[in-house]
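Listed below, chain by chain, are the residues.
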Amino acid sequence: MSTPPKPSNPLKAVRGTRDLLPPETALWARVEATARDVFARYGFGEIRTPIFEATELFARGVGEETDIVSKEMYTWEDRARAASEKAQSLTLRPENTAGVVRAYIEHKLGERGDLQKLFYIGPQFRRERPQRGRYRQFWQIGVEVLGPQSSGSESPVRDAEVLEMLATLLDELGVRGWRLELNSVGSSEDRKRYNVALREALAPVKAQMCEDNQRRAETNPLRVLDSKEPADQELINALPKIADYLDDASRAHFAAVLAALDACGVAYAVNPRLVRGLDYYTRTTFEFTVPDGQGLGTQNALLGGGRYDGLSEMLGGPKAPGIGFAIGEDRLILTLQAQDGSKSVDAPHPEWTFAKALDAYIAPMGVERNAAALALARELRRAGLSVEVGDGTFRLKKSFEAADKVARHIVILGEDELATEMATVKTFATGTQVKVSRAELAAALRA
Ligand code: AMP
């Protein structure tokens, strides 16, 4: 039998996806722990929905004409495996609000009567052009607050509370220089009237715009307002503003959100062009950005969100006004790294790594001490210490070098130590070396 040829090109992660490795993953864990802690203080519970759903959910919820649905989804025809099953079009979730609202409807959470305050942390998938801060698999930390009208889900206090919580979370994470921009896109009727006005205003000028905006002017004129094309900015700024198309109720709602933010001391800027791309948004929409040059390049939106008072009905559910946001976790991490000045994994912030974070490194002297070293490690780990075990084939010098990289103490386990039930402990910070009895070892290593 001949040996198979060695593949010449080792396989790589797919374009737009990436591996997250230690020590950087320690920063991801810290960010997620901080988010969980803040969310708990505001009374949120975790929801985990599947990462794939029926394609129709996104077509109906996010909107057929959006960039996400029209060109960015990972969709496939899922074969039936048994006669009782039907083939079905499935999609990797490009965002999680539609999935959460689907679950809200499916589990009749509205019948509980109270406000549902849910958060999620997980990957999303969009076939976008990859660049710094934009990936095809990326992570979002998100929140949804929704419920029947009687639960107060429509109240502007909910909007302000969600925004104030975000301000607290970003502050507790140590993000500097964030900026909150918000706007109101009104009710779906307001938006219909605005869309008509926008189409009329775009008709005579769209030919002078870039190709992308010409297409948007036809398919989804609101998206023209999102455009960053420098040459088109003057024309876009001259287009009608949605604020002039809001009905009295939406206008009063927005004023109440701003007043509550003022009362909390959360700074914001109203951006009349902030309409956001997804069809389900109503009334308040918002984004938090960080200044250019802080790790994100042109992708400076850390997070986005808004109100979606009609989404549940669009998905066949009961009336369930709501508001939510999704933080781009990849972008949050890039920002924290840039602001700390340690972009490289080789020079990480000490708090985000476990370099030197272990209590002890156990160095068995000779392979015949390996099993005893493992048994000692088990005992210490069960006592709550963090421990790494070396290898009996290592020379003493190599053990010391390996231990010095990861642990505060080295525990030397030789024939003598085992015979006398003692261990030799060296503390790297002070250079002191002592013999300690097995009974006192855990306490000594904690010091
Ligand atoms: P959206 O769901 O489009 O409102 O996006 C919410 C947030 O998710 C954005 O502000 C970004 O921070 C993040 N985000 C969206 N798309 C991507 C992507 N392709 N790669 C990384 N982060 C993304």
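Note: the structure precedes this text.
Because the structure is predicted, anything quoted here is derived from the model rather than measured.

Novice: Where do I start with the sheet that holds strand β10 (residues 301–307) in this structure?
Specialist: In a beta sheet, neighbouring strands are held together by backbone hydrogen bonds and run either parallel or antiparallel to one another. Read from one edge to the other, the open sheet built from eight strands follows the order β1-β5-β6-β11-β10-β9-β7-β8, with strand pairing classed as mixed. Of all strands in the sheet, those with a lone pairing partner are β1 (45–46) and β8 (269–270), marking the two edges. Sheet topology places strand β7 (residues 179–184) next to strand β9 (residues 282–289); six bridges connect them, and they run antiparallel. Residue N183 lies in a different strand from β9, and its bridge partner there is T285.

Novice: I'm lost on a nonpolar patch on the surface in this one. Help?
Specialist: On the surface, I51, F52 and W76 cluster together into a nonpolar patch covering about 260 Å² of accessible area. Of note, F52 is situated in strand β2 (residues 52–54).

Novice: It is not clear to me how the environment of E200 should be interpreted in this structure. Could you clarify?
Specialist: Looking at the element boundaries, E200 is found in helix α6 (residues 188–202). Since its relative accessible area comes to 57%, E200 is described here as exposed. Taking the C-alpha atoms as reference, E200 lies 9.8 Å from P240; in sequence the two are 40 residues apart.

Novice: Quick question: what am I supposed to make of the packing of helix α1 (residues 24–41) against helix α5 (residues 156–173) here?
Specialist: The packing of two helices is summarised by the inter-axis angle and the distance between the axes. Direction vectors running N to C along α1 and α5 enclose 145°, while the axes themselves pass 10 Å from each other. Along this stretch, α1 crosses α5, giving a crossing that reads as right-handed. Residues R30, V31, T34, A35, D37, V38, F39 and R41 of α1 form the contact with α5, whose own contacting residues are M165, L169, E172 and L173. Across the contact of α1 with α5, the residue classes tally to seven nonpolar, one polar and four charged.

Novice: Would you mind going over the pairing of strand β11 (residues 322–328) with me for this structure?
Specialist: The side chains of a regular strand alternate, first on one face of the sheet and then on the other. For β11, the buried fraction is high: seven of the seven residues fall into the buried class. Burial along β11 is two-sided: G322, G324, A326 and G328 and I323, F325 and I327, pointing in opposite directions, are all buried. Here seven bridges tie strand β6 (residues 137–146) to β11, and the two strands are oriented antiparallel to one another. From the neighbouring strand, L146 faces β11, where its bridge partner is G322. Sheet topology places β10 next to β11; five bridges connect them, and they run antiparallel. Counterpart to G305 in the pairing with β11 is F325.

Novice: Sorry if this is basic, but what is going on with the nonpolar core here?
Specialist: Across soluble globular proteins, nonpolar side chains have a tendency to be buried as a group. Grouped together as the largest cluster of nonpolar side chains are 47 residues, with contacts concentrated most on F39, F286 and F325. Ranked by the residues each element gives to this core, the list is headed by α5, at nine residues. Setting aside residues up to four positions removed in sequence, F39 forms contacts with F44, F119, I141, V143, M165, L169 and F325. Within the second largest apolar cluster, 38 residues are counted, among which are V101, L202, L246 and A326.

Novice: Whenever I open this one, the sheet that holds strand β4 (residues 88–92) confuses me. Can you help?
Specialist: An order of β2-β4-β3 is seen for the three strands of this open sheet, with the pairing classed as antiparallel. Each of the sheet's edge strands pairs with one partner strand only, and the pair in question is β2 and β3 (75–78). Neighbour-to-neighbour, the strand axes of this sheet turn through a mean angle of 35°, independent of strand direction. Alignment of β3 against β4, held across four bridges, turns out to be antiparallel. Bridge assignment links T75 to a residue of β4, and that residue is T91.

Novice: Honestly, the site of the ligand in this entry has me stumped. Any pointers?
Specialist: Near the ligand, the surroundings consist of 15 residues, among which R126, E128, Y135, R276 and A301 are the closest. Within the contact set of the ligand, a nitrogen atom lies 2.8 Å away from a backbone nitrogen or oxygen of Y135. When the ligand sits alone it has 490 Å² of accessible area, and the protein chains cover 91% of it. For the shell around the ligand, the secondary structure elements donating two or more residues are β6, β10 and β11. The element that contributes the greatest number of residues to the shell around the ligand is β10, accounting for four residues. Per-class residue counts for the shell around the ligand are six nonpolar, four polar and five charged.

Novice: Honestly, the environment of R179 in this entry has me stumped. Any pointers?
Specialist: Its location among the elements puts R179 in strand β7. Of the residues examined, R179 reaches a relative accessible area of 44% and is grouped as partly exposed. Separated by eleven residues in the primary sequence, R179 and D190 have C-alpha atoms spaced 27 Å apart. If sequence neighbours within four positions are ignored, R179 has contacts with A269, E287, F288 and T289. In this structure the side chain of R179 is engaged in a polar contact, spanning 3.0 Å, whose partner is the side chain of E181.

Novice: Looking at this model, I keep getting lost on the pairing of strand β5 (residues 116–125). Mind explaining?
Specialist: Taken across its ten residues, β5 has ten buried, putting it largely inside the fold. Inspection of the sheet shows β5 paired to β6 by ten bridges, in the antiparallel sense. If you follow Y120 over to β6, its bridge partner there is G142.

Novice: Sorry, what's going on with the pattern of salt bridges here?
Specialist: Under the counting rule described, the total for this entry stands at 24 salt bridges. Note that R223 and D226 form a salt bridge whose closest N and O atoms lie 2.7 Å from each other. According to the relative accessible area criterion, R223 is buried, its value standing at 15%. Residues participating in the shared-partner salt-bridge network are D67, K71, R223 and D226.

Definitions and limits used
- Here the residue numbers are simple positions, counted from 1 along each chain's written sequence.
- Only residues with pLDDT of at least 70 are given local features in this predicted model, and only at 80 or more are side-chain atom pairs given and counted; all residues enter the totals for whole chains, interfaces and linings.
- Excluding hydrogens and water, the side-chain values take into account all heavy atoms of the structure.
- Any two strands are treated as partners once DSSP identifies two or more bridges connecting them.
- In this text, helices come from DSSP runs of H or I with a minimum length of four residues, and strands from runs of E with a minimum of two, each type numbered from the N-terminal end.
- Patch definition: residues with relative accessible area over 30% and no salt bridge; like charges joined within 9 Å; nonpolar side chains (Val, Leu, Ile, Met, Phe, Trp, Tyr) joined within 5 Å.
- Here, Shrake-Rupley sampling with a 1.4 Å probe gives the accessible areas, and only protein chains in the shown set may cover a residue.
- Here, a salt bridge means any Lys or Arg side-chain nitrogen found within 4 Å of an Asp or Glu carboxyl oxygen.
- A 1.4 Å probe rolled over the protein chains alone gives each residue an accessible area, and that area as a share of the maximum for its type sets the label: buried under 20%, exposed over 50%, partly exposed in between.
- For every element, the axis is a line fit to its C-alpha atoms; helices are fit only across the contacting stretch, and the angle between N-to-C directions ranges from 0 to 180 degrees.
- The crossing is said to be left-handed when, going from far helix to near helix, the turn is anticlockwise and less than a right angle, and right-handed when the turn is clockwise.
- In what follows, a contact means two residues having at least one pair of non-hydrogen atoms within 4.5 Å.
- In this count, Pro and Cys sit with the nonpolar residues alongside Ala, Val, Leu, Ile, Met, Phe, Trp and Tyr, while Asp, Glu, Lys and Arg are called charged and the others, Gly among them, polar.
- Among buried residues, the Ala, Val, Leu, Ile, Met, Phe, Trp, Tyr and Cys ones that are joined through side-chain atoms within 4.5 Å form a nonpolar core.
- Proximity criterion: a residue is near a molecule or strand once any of its heavy atoms comes within 4 Å of it.
- Here a polar contact means two N or O atoms within 3.5 Å. Within protein one must be a hydrogen donor candidate and the other an acceptor candidate, and residues neighboring in sequence count only if both atoms are side-chain atoms.

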